[in-house]
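Chains, contacts and geometry: an overview
Each chain, letter by letter, is given below.
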Amino acid sequence: MLLSGACSRAGPDPGPRNVTLHQKWALQPGDRLAGYSVQSGLGDITVDIQGNRVFMPFDGQVQPAEGNADQCIILSSPDVPAYLFRLCGLRQVKLGDLSQGDPIGSGNTVAFATLRRQADGTWAMVEPAKELLSQFLDRP
């Protein structure tokens with residue numbers, strides 16, 4: 001569960017971010033299946049981080065994901081304006097403007113999705129580079 005009260009920055013938490021995906025799959029993070037919560041979907045890379053922390057790979061903003069804010073966050077950065085990153089499964093999430101190396105939250109099984117802006121304004125899931133995923137897992 002996201003705990004927005006864990007934010008260390010002054011000021012209000014940013015509102016939820018709506019991301020319109022170019023692709024649409026039947027199951028999305030946050031959906032319920034036989035009474036269980038779906039944690040990831042097609043296009044996500046799920047990593048067992050064994051309770052460890054996830055870090056900001058660059059300066060940017062962390063917002064709850066609209067529609068499943070209790071499970072997923074959206075990370076944006078002016079350093080990579082054509083990309084968004086969706087992370088699901090974190091606990092004790094820090095929302096708002098964060099700096100490179102700041103911890104975002106921790107978790108057991110965390111799903112990472114990389115989204116690239118399309119010409120029509122929607123977002124498409126793309127395969128993340130291993131090096132980029134490593135930056136989330138190792139403090140820079």
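Predicted model, so just to flag it, every value in this text is computed and none were measured.

**Regarding the overall build of the chain**
Tallying secondary structure elements over the chain gives 1 helix and 11 strands in all. When the helices and strands of the chain are read in sequence order from the N terminus, they spell out β-β-β-β-β-β-β-β-β-β-β-α. Within the chain, the proportion of its 140 residues that are buried is 41%. For the chain, long-range pairs separated by at least 24 residues make up 68% of all intrachain contacts whose partners lie at least 6 apart in sequence. As displayed, the chain has an accessible area near 7,400 Å², and 50% of this comes from carbon and sulfur atoms.

**Some remarks on the pairing of strand β7 (residues 83–88)**
In terms of burial, β7 is a largely internal element, 5 of the 6 residues being buried. One ladder, built from 5 bridges, connects strand β6 (residues 72–76) with β7; its direction is antiparallel. Residue pairing across strands places S76 opposite L84, the latter belonging to β7. The loop that links β6 with its antiparallel partner β7 comprises 6 residues. Taken together, the 6 bridges between β7 and strand β10 (residues 109–117) define a ladder with antiparallel strand orientation. Bridge pairing links F85 to T114 in β10.

**Digging into the confidence of the model for the chain**
Looking at the chain as a whole, the pLDDT averages 83, with 77% of positions reaching at least 70. Within the chain, no element has a lower average pLDDT than strand β2 (residues 36–37), which sits at 67, and none a higher one than strand β9 (residues 103–106), at 98. Within the model, the stretch residues 1–9 combines pLDDT values under 50 with 29 contacts to residues more than four positions away or in other chains.

**Quick look at the packing of aromatic side chains**
Under the definition given, this model contains 3 aromatic pairs. Between the aromatic rings of F58 and F85, the centroid separation amounts to 5.8 Å while the plane-to-plane angle is 45 degrees, which identifies the pairing as tilted. With F58 in the loop between β4 (53–55) and β5 (60–64) and F85 in strand β7, this pair connects stretches of sequence that are 27 residues apart. The burial state of F58 is the same as that of F85; both residues are buried. Ring centres of F85 and F136 lie 5.7 Å apart, and the angle between their planes is 65 degrees; this geometry places the pair in the edge-to-face category. Taken together, the residues F85 in strand β7 and F136 in helix α1 (residues 130–137) connect sequence positions 51 residues apart. The exposure class of F136 is buried, given its relative accessible area of 1%. Ring pairs connect the aromatic residues F58, F85, F112 and F136, which therefore count as one cluster.

The rules behind each value
Residues numbered from 1 in each chain as written. Predicted model: local features only at pLDDT ≥ 70, side-chain atom pairs only at ≥ 80, totals over all residues. Heavy atoms only, no water. Helix = DSSP H or I, 4+ residues; strand = E, 2+ residues; numbered from the N terminus. Buried < 20%, exposed > 50% of the residue type's maximum accessible area, 1.4 Å probe, protein only. Contact = heavy atoms within 4.5 Å. Areas by Shrake-Rupley, 256 points an atom, 1.4 Å probe, with all protein chains shown as cover. Pairing = 2+ DSSP bridges. pLDDT = per-residue confidence, 0-100. Phe/Tyr/Trp six-rings, centres within 6.5 Å; stacked < 30°, edge-to-face > 60°.

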